[in-house]
Amino acid sequence: MSKLLVFGESMEGTLRNVSFEAVAAAKKIDADAEVVGVIFGSEDLKEQGEEIIRYGADRAVIVQHEKLENYTADAYGQAAMAVIQEESPDGIVMGHTSIGKDLTPKLATKLDSGLISDGVDIDNEGDNVAFIRPIYSGKAFEKKIITEGLTFVTIRPNNIKPLERNESRSGEVTAKHVDIGDIRTVIKDVISKASDGVDLSEANVIIAGGRGVKSKEGFEPLYELAEVLGGTVGASRGACDAEYCDYALQIGQTGKVVTPDLYIAVGISGAIQHLAGMSNSKVIVAINKDPESNIFNVADYGIVGDLFEVVPNLTEELKQLKLNV
Ligand SMILES: Cc1cc2nc3c(=O)[nH]c(=O)nc-3n(C[C@H](O)[C@H](O)[C@H](O)COP(=O)(O)OP(=O)(O)OC[C@H]3O[C@@H](n4cnc5c(N)ncnc54)[C@H](O)[C@@H]3O)c2cc1C
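Fair warning: this is a prediction, and the values are worked out from it, not measured in the lab. (Residues numbered from 1 in each chain as written. Predicted model: local features only at pLDDT ≥ 70, side-chain atom pairs only at ≥ 80, totals over all residues. Heavy atoms only, no water.)

1. What to know about the site of the ligand
Taken together, 27 residues are adjacent to the ligand, and R211, S236, T254, S269 and N288 come closest. Q253 places a main-chain nitrogen or oxygen 3.0 Å from an oxygen atom of the ligand. Calculation on the ligand without its partners gives an accessible area of 980 Å², and the protein chains cover 77% of this total. Every element with two or more residues in the shell around the ligand is listed here: helix 6 (237-241), helix 7 (272-278) and helix 8 (307-324). When its residues are assigned to classes, the shell around the ligand shows 5 nonpolar, 16 polar and 6 charged. (Near = heavy atom within 4 Å. Polar contact = N/O pair within 3.5 Å; in protein donor to acceptor, adjacent residues only side chain to side chain. Areas by Shrake-Rupley, 256 points an atom, 1.4 Å probe, with all protein chains shown as cover. Helix = DSSP H or I, 4+ residues; strand = E, 2+ residues; numbered from the N terminus. Nonpolar A, V, L, I, M, F, W, Y, C, P; charged D, E, K, R; others polar.)

In structure tokens form, the structure reads like this:
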């Protein structure tokens with residue numbers, strides 16, 4: 001039986017959904033594997049250890065240390081290496097998040113291992129496990145197979161469905177003590193720039209505004225629509241450059257890569273750099289007054305019209321629909 005480690009990620013004391021997606025990915029790699037959830041942090045992690053088990057891990061290792069309060073490559077790297085050395089896993093799975101993107105290549109180098117990053121799906125092909133990942137800014141996909149060594153992969157949030165949470169599922173939660181030596185980076189303070197609510201890269205519904213929204217105030221109707229749909233607001237770089245919103249909301253080649261179930265592009269022209277961050281969304285709706293706009297080439301549904309009329313109308317209709325359900 002193979003052993004796969006899943007590095008969970010927590011935010012404000014709660015495990016991020018991508019941790020559970022990584023457990024599901026591990027089970028897709030090998031349904032019979034022993035899946036071990038590994039969680040780092042400075043607070044009490046027992047509940048998080050139990051939670052990752054409820055989502056399908058067989059057991060959990062929790063590593064609590066004051067130097068793990070905030071992510072630093074040095075501290076997390078040392079803690080992760082200590083767990084890897086003790087557990088000798090056949091594979092490691094982590095979310096392709098900003099932490100995952102930073103930590104996993106460093107670990108792969110230390111382990112002299114390959115790494116398949118940003119997987120969006122996993123196929124079992126006979127004896128091989130194939131990882132599907134987007135290339136050329138999402139314009140094509142490639143399949144990669146690991147032929148020897150560690151199965152080390154990161155998975156893009158929101159692509160692999162977590163297993164059903166099972167309240168009665170239990171397993172061993174072991175606390176591991178690690179010595180963390182010098183760390184070269186000291187985090188003095190963390191100032192959160194993103195708006196309240198769901199992290200963009202994990203959101204199921206995104207309402208993204210572009211330069212067509214025309215002002216900071218112009219974003220207000222987008223927030224209202226997001227609230228009705230239980231979604232979150234994103235933006236094009238055009239809108240960020242124009243200072244209508246914070247760069248933390250930027251989606252695209254130089255912003256966040258997102259794959260929500262529903263992406264509503266409002267007043268966004270669909271430049272190739274923007275498409276690189278959202279074209280793999282499951283359903284794309286575009287609202288634009290220009291019928292020739294490139295965004296309609298990737299949209300499943302298009303609404304040609306003035307966003308200042310369309311968005312409030314849509315919000316109102318959806319509110320009514322909710323009331324009548
Ligand atoms: C190296 C590099 C990296 C980049 N990275 C990114 C990135 O990560 N993300 C990104 O988004 N861009 C990125 N860009 C910028 C990108 O090329 C575009 O300039 C940008 O995406 C344009 O933003 P936009 O669609 O909001 O604005 P515009 O192209 O100006 O489009 C505005 C749209 O709004 C529509 N509109 C206007 N008024 C209304 C109205 N009342 N009702 C309905 N529709 C209306 C217009 O028809 C138009 O289609 C990058 C560029 C470079 C060179």
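Now that the structure has been shown, we can carry on.
2. Notes on the packing of aromatic side chains
Under the definition given, this model contains 4 aromatic pairs. For the pair F40 and Y76, a centre-to-centre distance of 5.4 Å together with 65° between the ring planes defines the contact as edge-to-face. Of the two residues, F40 sits in strand 4 (residues 34-41) while Y76 sits in helix 3 (residues 73-87), which places them 36 residues apart along the sequence. The class of Y76 is buried, set by a relative accessible area of 10%. Centre to centre, the rings of Y71 and Y76 are 5.1 Å apart; their planes meet at 65°, and the pair counts as edge-to-face. Owing to a relative accessible area of 19%, Y71 belongs among the buried residues under this scheme. (Phe/Tyr/Trp six-rings, centres within 6.5 Å; stacked < 30°, edge-to-face > 60°. Buried < 20%, exposed > 50% of the residue type's maximum accessible area, 1.4 Å probe, protein only.)

3. Considering the sheet that holds strand 13 (residues 205-209)
Ordered by their spatial adjacency, 5 strands build an open sheet running 14-13-15-16-17, and the pairing between neighbours is parallel. The open sheet is flanked by strand 14 (232-235) and strand 17 (301-304), the only strands paired with a single partner. Each adjacent strand pair in this sheet contributes to an overall mean axis angle of 20°, direction not counted. Along the sheet, helix 5 (residues 220-229) contacts strand 13, strand 14 and strand 15 (262-266); its crossing angle with strand 13, the most-contacted strand, is approximately 175°. (Pairing = 2+ DSSP bridges. Axes fitted to C-alpha atoms, helices over the stretch in contact; angles between N-to-C directions. Contact = heavy atoms within 4.5 Å.)

4. A short note on the sheet that holds strand 6 (residues 91-95)
The 7 strands are arranged 7-11-6-1-4-5-12 in an open sheet whose pairing can be described as parallel. Strands at the two margins of the open sheet, each flanked by one partner only, are strand 7 (116-119) and strand 12 (173-175). The sheet shows a mean angle of 25° between the axes of neighbouring strands, direction not considered. Of the strands in this sheet, strand 1 (3-7), strand 4, strand 5 (59-64) and strand 12 touch helix 2 (residues 46-54), which is tilted by about 155° from strand 5.

As far as function goes, none of this settles anything; it's purely spatial.
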